[in-house]
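Structural overview for review
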Amino acid sequence: MATAAKRATLYRMVTPEHTCPYGLKARHLLKSKGFEVEDNWLTSRAEQDAFKAKHNVQTTPQTFINGERVGGYDDLRRFVGLTVKDPAAPSYTPVIAVFVVAALAALAINWLTGMALVGVMFVERFIAVAMMLLAMLKLQDVDRFATMFLGYDLLAKRYVPYAYFYPFAELGAGVLMLAGVLSWLSIPVALFIGGIGAVSVFKAVYVDKRELKCACVGGNSNVPLGFVSLTENVMMVAMAVWMALVLALPAGSLPGAMQPTPAAFWPFEAPAGTLPSPGPEAAH
């Protein structure tokens, strides 16, 4: 049987319209720590208001252990020795998630296309997918992104519409680079926005010593402006320069790279004689 020290009383809101998610998390946390939980439901707004007034609290759920009030979910986490995340604290988690997913997507594409899992092609596809994912996060709320972006981008400060154009340009360049088409368009776009972005971030962080939030993963993040945003822009520039070299040099000069095809310039129609003839199996 559970001892008194391992018994907890929980009050949480459960109505037909709403089940408090923090109440569920508090119950799970208590049980995972070995507590026997007396789970009390507040099934109406009137019951919740009466409970708050009785215990002089502002929110539910509320946990009591050994007759003493511990508090809400965050207080409970502290009570059992867990940390509580500061919502205003800087975090690199969003960027790490983007880069991990981009790497996994590049590996999956290489696997499906029969390419070496790790190599030059992996890096090319990783950068292209990362550009697309970062653009997607910006496009969730373009206005909030633009507002944050205007705080440090040199071109956007002079021409505000550029702040709204940027995520669409990044997405378009990433898609074209991943597909290997219209390189005449994707290369200069990536060079342009990546170059301006890199200079802007370097000036704001390393010259002016400003402490700003990075707009690289959208306008709702607490990612500090600095190395991450600089990396994003440098990756775009490096990808554009690499693709320009691949197109400029003779085929096979850069082993492992995506080789230029007619589609690299125009994806809808190839000049006669530039596409390989079908193999014998095509006749069957």
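In this text, all values refer to a predicted model and were calculated from it rather than measured experimentally. (Residues numbered from 1 in each chain as written. Predicted model: local features only at pLDDT ≥ 70, side-chain atom pairs only at ≥ 80, totals over all residues. Heavy atoms only, no water.)

**Here we look at the overall build of the protein chain**
The condition that has to hold: Where helices and strands are cited, they refer to DSSP runs of H or I of at least four residues and of E of at least two residues respectively, numbered from the N terminus. The classification of residues rests on relative accessible area computed with a 1.4 Å probe and restricted to protein chains. Under 20% of the type maximum is buried, over 50% is exposed, and intermediate values are partly exposed. Working rule for contacts: check all heavy atoms of both residues, and any pair within 4.5 Å makes them a contact.
The number of helices and strands found in the protein chain is 10 helices and four strands. Put simply, the protein chain runs from its N terminus to its C terminus through helices and strands in the order β-α-β-α-β-β-α-α-α-α-α-α-α-α. A total of 284 residues make up the protein chain; the buried ones form 39% of that total. For the protein chain, the share of sequence-separated contacts (at least 6 apart) that also reach a separation of at least 24 residues comes to 64%.

**Section: unusual backbone geometry**
In this structure, the amide linkage connecting T60 to the following residue, P61, adopts the cis form with an omega of 10°. Looking at where P61 falls in the secondary structure, it is placed in the loop between α2 (45-55) and β3 (62-65). Phi at N56 takes a positive value of approximately 55°, unusual for a residue other than glycine. Take N56: it is sitting in the loop between α2 and β3. The phi angle at L182 is positive, at roughly 50°, despite the residue not being glycine. As for its placement among the helices and strands, L182 is situated in the loop between α8 (161-179) and α9 (183-207).

**Concerning the nonpolar core**
The nonpolar side chains of soluble globular proteins are, as a tendency, buried together. Heads up, the rule is: Among the buried residues, those of types Ala, Val, Leu, Ile, Met, Phe, Trp, Tyr and Cys that are joined through side-chain atoms within 4.5 Å form a nonpolar core.
One finds F126, F149, Y166 and M177 to be the most contacted residues of the largest nonpolar core, which totals 40 residues. For this core, the elements supplying multiple residues, two or more each, are α4 (93-112), α5 (120-139), α6 (142-149), α8, α9 and α10 (227-248).

**With respect to the pattern of salt bridges**
Here is the rule: A pairing counts as a salt bridge when a side-chain nitrogen of Lys or Arg comes within 4 Å of a carboxyl oxygen of Asp or Glu.
One pass over the full model with this rule turns up seven salt bridges. Among the ionic pairs, D39 bridges to R12, the shortest N-O distance being 2.8 Å. Residue D39 is located in strand β2 (residues 36-42), and its partner R12 is located in strand β1 (residues 7-13); the two are separated by 27 residues in the primary sequence. D39 gets classed as partly exposed once you look at its relative accessible area, which sits at 27%.

**Comments concerning the packing of α6 against α8**
Note the cut-off: Every axis in this analysis is a line fitted to C-alpha atoms, fitted for helices over the stretch in contact. Angles between the N-to-C directions lie between 0 and 180 degrees. Throughout, a crossing is termed right-handed when the near helix is turned clockwise from the far one, and left-handed when it is turned anticlockwise from it by less than a right angle. Residue type decides the class: Asp, Glu, Lys and Arg count as charged, Ala, Val, Leu, Ile, Met, Phe, Trp, Tyr, Cys and Pro as nonpolar, and the leftover types, Gly among them, as polar.
Put simply, α6 and α8 touch, their axes get as near as 9 Å, and they point 120° apart. Here α6 runs over α8; the crossing is right-handed. Each of V142, D143, F145, A146 and F149 in α6 lies in contact with α8, whose residues at this interface are Y162, A163, Y164, Y166, P167 and F168. The residue inventory of the contact of α6 with α8, partitioned by class, reads 10 nonpolar, no polar and one charged.

**Things to note about empty space enclosed by the protein**
The following threshold applies: Within this scheme a cavity is a closed region of a 1 Å grid, computed over the protein atoms alone, that accommodates a 1.4 Å probe without allowing it to escape, whereas a pocket is open but has protein on both sides within 12 Å along at least five of seven lines; lining residues each have an atom within 4 Å of a point. Grid points are joined across faces, edges and corners, and a volume is the space filled by probe spheres set on the points.
Taken as a whole, this structure holds two cavities of 30 Å³ or more when the rule is applied. Here the largest cavity defines a volume of roughly 60 Å³. Those elements giving two or more residues to the lining of the largest cavity turn out to be α6, α9 and α10. Examining the composition of the lining of the largest cavity, we find that three residues originate from one element, α10, more than from any other. Partitioning the lining of the largest cavity into residue classes produces seven nonpolar, three polar and two charged.

**A look at the pairing of β2**
Applicable threshold: Between any two strands, at least two bridges found by DSSP are needed for them to pair.
As defined by bridge partners, β1 adjoins β2 across seven bridges and the pair is classed as parallel. Bridge assignment links A8 to a residue of β2, and that residue is V37.

**Some words on the packing of aromatic side chains**
For clarity, the threshold we go by: Classification of ring pairs uses Phe, Tyr and Trp, with its six-membered ring standing for Trp, and accepts pairs whose centres are within 6.5 Å; under 30 degrees between planes counts as stacked, over 60 as edge-to-face, and the remaining range as tilted. Placement of a positive charge over a ring is assigned whenever Lys NZ or Arg CZ falls within 6 Å of the ring centre and within 35 degrees of the normal to the ring plane.
A complete count under the given rule lists 14 aromatic pairs for this structure. When the centroid spacing of 4.9 Å and the interplanar angle of 45° are considered together, the rings of F149 and Y166 count as tilted. Within this pair, whereas F149 is found in helix α6, its partner Y166 is found in helix α8, the two being separated by 17 residues in sequence. Taking relative accessible area as the criterion, F149 reaches 4% and is therefore assigned buried. Judged by its relative accessible area of 2%, Y166 falls in the buried class. Its guanidinium or amino end placed over the ring of F35, K6 lies 4.4 Å from that ring's centre, counting from NZ or CZ.

**A word on the pairing of β3**
Along β3, one buried face is formed by Q62 and F64 and the opposite face, lined by T63 and I65, is buried too. Bridge count for β1 against β3 is four bridges, and the pairing is antiparallel. Residue L10 lies in a different strand from β3, and its bridge partner there is T63. As paired elements, β3 and strand β4 (residues 68-71) share three bridges and run antiparallel to each other. Residue I65 lies in a different strand from β4, and its bridge partner there is E68. The turn linking β3 back onto β4 is made up of two residues, and N66 within it adopts a positive phi angle of 55°.

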